[in-house]
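# Examination of the molecular architecture
Each chain, written out:
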Amino acid sequence: MRLDVVTIFPEYLEPLNVSLVGKARTRGLLDVGVHDLRDWTHDRHNTVDDTPYGGGPGMVMKTEPWGEALDEVLADGYEAGAGAPALVVPTPSGRPFTQELAVELSSRPWLVFTPARYEGIDRRVIDEYATRMPVYEVSIGDYVLAGGEAAVLVITEAVARLLPGVLGNAESHRDDSFAPGAMANLLEGPVHTKPPVWRGRGIPEVLLSGHHGKIARWRRDEALRRTTAHRPDLIERTAPEAFDKKDREMLSILGWAPDPEAGRHGRFWRRVEDVEE
Ligand code: 6GU
């Protein structure tokens with residue numbers, strides 16, 4: 001896979017040299033280009049922004065540097081035979097970045113990222129490139145960052161670990177917490193390693209039992225415990241068939257009960273205090 005990033009802060013993308021993504025690069029699984037948007041400015045001050053039409057606070061990134069930069073980066077990739085490009089535009093007004101979208105992006109041969117600063121990029125730039133290639137406007141969560149560079153790092157890491165050969169075990173993605181198409185998406189429970197006692201704290205007995213069935217059940221119960229506590233929405237959107245008898249027992253212990261109107265609202269379990277008699 002080829003990745004290009006056009007930014008006014010190329011040094012912000014240094015982490016792409018490190019750890020999983022860095023290793024994928026040195027192993028030739030990932031070809032990354034980071035480009036300074038200001039290389040495509042022609043004035044003394046390397047201006048990339050201007051005041052917004054219609055007024056209002058902040059500045060807007062100008063069309064011309066982005067147009068020239070993207071034309072050149074795209075021409076270079078085409079020459080190198082990178083495959084069909086897609087533009088990834090990080091923006092708080094984008095669609096939510098999910099594991100499902102990470103999987104979709106990981107199947108593309110070439111991603112070009114356009115992280116913006118200020119109030120964003122002149123809309124005409126995105127509209128222009130959308131006539132030539134798929135454009136993904138993506139948000140990484142419900143909060144506002146000062147710029148899109150950190151989002152590029154987030155998206156890149158989520159995508160890179162899905163590429164063939166990057167992680168050791170190809171099977172493992174299927175069991176990711178948010179793997180698309182899973183019966184239920186549950187958060188992972190706790191994990192432990194040696195020593196067996198640390199500051200007086202031991203390991204749950206069952207993990208030392210060697211009983212694989214009991215261990216799997218314990219992990220599932222812990223996942224249910226954690227998910228009800230931190231992400232009740234994941235329980236509520238799970239189809240009832242995804243919960244077996246033991247799951248239902250655990251959910252009941254955790255204070256969850258079948259929704260009396262199950263089926264009509266597509267949610268099966270709800271917290272007992274929400275249930276009306
Ligand atoms: Cl992708 N960019 C910015 N600036 N803020 C964000 C974001 C992206 N995702 C969430 N907040």
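Note on numbering: residues in each chain are counted from 1, in written sequence order. Only residues with pLDDT of at least 70 get local features here, since the model is predicted, and only at 80 or more are side-chain atom pairs given and counted; chain-wide, interface and lining totals rely on the full set of residues. Heavy atoms throughout the structure, all of them, feed into the side-chain values; hydrogens and water do not.

Turning to the overall build of the protein, a few remarks are in order. Of regular secondary structure, the protein possesses eight helices and nine strands. Our radius of gyration looks at C-alpha atoms and nothing else; its globule reference is 2.2 Å times the residue count to the power 0.38. Rg of the C-alpha trace for the protein: 24 Å, well past the compact-globule value of 19 Å for 277 residues, more than 25% over. For the protein, the spread of C-alpha atoms along the three principal axes comes to 70 × 45 × 40 Å. For every residue, the accessible area obtained with a 1.4 Å probe (protein chains only) is divided by the maximum for its type, and the residue is called buried under 20%, exposed over 50%, and partly exposed between those limits. Across the 277 residues of the protein, 40% fall into the buried class. Any two residues whose heavy atoms approach within 4.5 Å at even a single point are treated as in contact. Partitioning the contacts of the protein with sequence separation of at least 6, the portion at a separation of at least 24 is 70%. Put simply, the protein shows about 16,100 Å² of open surface, and 52% of that area lies on carbon and sulfur atoms. Charge counting treats Lys and Arg as positive and Asp and Glu as negative, with His and both chain ends excluded. We put the charge of a Lys on NZ, of an Arg on CZ, of an Asp on CG and of a Glu on CD. Of the charged side chains in the protein, 33 are positive and 44 negative, and the gap between their average positions amounts to 9 Å. For the purposes of this entry, the term helix denotes a DSSP run of H or I that reaches at least four residues, the term strand denotes a run of E that reaches at least two, and both are numbered from the N terminus. Here, Shrake-Rupley sampling with a 1.4 Å probe gives the accessible areas, and only protein chains in the shown set may cover a residue.

On to the site of the ligand, then. We call a residue near a given molecule or strand whenever any one of its heavy atoms falls within 4 Å of it. Around the ligand, the surrounding shell consists of Pro90, Thr91, Pro92, Val138, Ser139, Ile140, Gly141, Tyr143, Leu145, Gly147 and Ala151. Within 3.5 Å is the distance limit for a polar contact, defined as a pair of N or O atoms, with the added protein rule that one can donate a hydrogen and the other accept it, and that residues adjacent in sequence qualify only through two side-chain atoms. Take serine 139: an N or O atom from its side chain is 3.4 Å from a nitrogen atom of the ligand. One of the backbone nitrogen or oxygen atoms of tyrosine 143 is found 2.5 Å away from a nitrogen atom of the ligand. In the shell around the ligand, the residues fall into seven nonpolar, four polar and no charged. Ten residues, namely Ala, Val, Leu, Ile, Met, Phe, Trp, Tyr, Cys and Pro, are considered nonpolar, four, namely Asp, Glu, Lys and Arg, are considered charged, and the remaining ones, Gly among them, are considered polar.

Moving on, we come to the environment of aspartate 175. Mapped onto the elements of the fold, aspartate 175 is located in the loop between α5 (149-160) and α6 (212-230). The spacing of aspartate 175 and serine 139 is 36 residues in sequence and 24 Å in space, taken between C-alpha atoms. A polar contact is formed between the side chain of aspartate 175 and the side chain of arginine 174, at a distance of 3.5 Å.

Running from N to C, α6 and helix α8 (residues 245-253) cross one another at 45°; their axes reach a closest spacing of 10 Å. For the element pair α6 / α8, the angle class is oblique. At the point where α6 passes α8, the crossing takes the right-handed sense. The residues of α8 that touch α6, namely those facing Arg217, Arg220, Asp221, Leu224, Arg225 and Thr228, are Lys246, Asp247, Met250 and Leu251. Here the contact of α6 with α8 is composed, by residue class, of three nonpolar, one polar and six charged. A fitted line through C-alpha atoms serves as each axis, taken over the contacting stretch for helices, and the angle formed by two N-to-C directions is quoted from 0 to 180°. Note on angle classes: values under 35 degrees are labelled roughly parallel, values over 145 roughly antiparallel, values of 65 to 115 roughly perpendicular, and the remainder oblique. Take the far helix as the reference: if the near one is turned anticlockwise from it by less than a right angle, the crossing is left-handed, and if turned clockwise, right-handed.

Here the term cavity refers to a set of points on a 1 Å grid, laid over the protein atoms alone, in which a 1.4 Å probe fits but cannot get out; the term pocket refers to an open set having protein on both sides within 12 Å along at least five of seven lines, with lining residues being those that place an atom within 4 Å of a point. Grid points are joined across faces, edges and corners, and a volume is the space filled by probe spheres set on the points. Applying the stated rule across the entire model yields one cavity of 30 Å³ or more. The calculated volume of the largest cavity comes to roughly 30 Å³. In terms of lining residues, the largest cavity is bounded by Trp66, Leu70, Leu87, Val89, Thr114, Ile121, Val125 and Ile126. Sorting the residues of the lining of the largest cavity by element identifies α2 (63-79), β5 (85-96) and α4 (123-130) as the ones contributing at least two each. For the lining of the largest cavity, the residue count by class is seven nonpolar, one polar and no charged.

Negative phi is the rule for most residues except glycine; trans is the rule for most peptide bonds. The omega torsion of the bond from lysine 194 to proline 195 falls at 10°, within 30 degrees of zero and hence cis. Tracing the chain through its elements places proline 195 in the loop between α5 and α6. Its identity is not glycine, yet arginine 199 carries a phi of approximately 50°, on the positive side. In this structure, arginine 199 sits in the loop between α5 and α6. Arginine 199 sits in the exposed class, given a relative accessible area of 70%.

Residues belong to one nonpolar core when they are buried, are Ala, Val, Leu, Ile, Met, Phe, Trp, Tyr or Cys, and are joined through side-chain atoms within 4.5 Å. In terms of nonpolar packing, the biggest core is built from 27 residues, with Leu30, Phe97, Leu105, Leu111, Phe113 and Ile155 touching the most fellow members. Where this core is concerned, the elements lending two or more residues are β1 (2-7), α1 (19-26), β5, α3 (99-106), β6 (110-113), β7 (135-139) and α5. It is α5 that contributes the most residues to this core, six residues altogether. Look past the residues within four positions of leucine 111 in its chain and what remains in contact with it is Met1, Arg2, Leu3, Asp4, Ala86, Val88, Leu105 and Val159. Grouped together as the second largest cluster of nonpolar side chains are 22 residues, Leu70, Ile121, Ile126 and Tyr129 included.

Everything listed here is a matter of geometry and, on its own, says nothing about what the molecule does.
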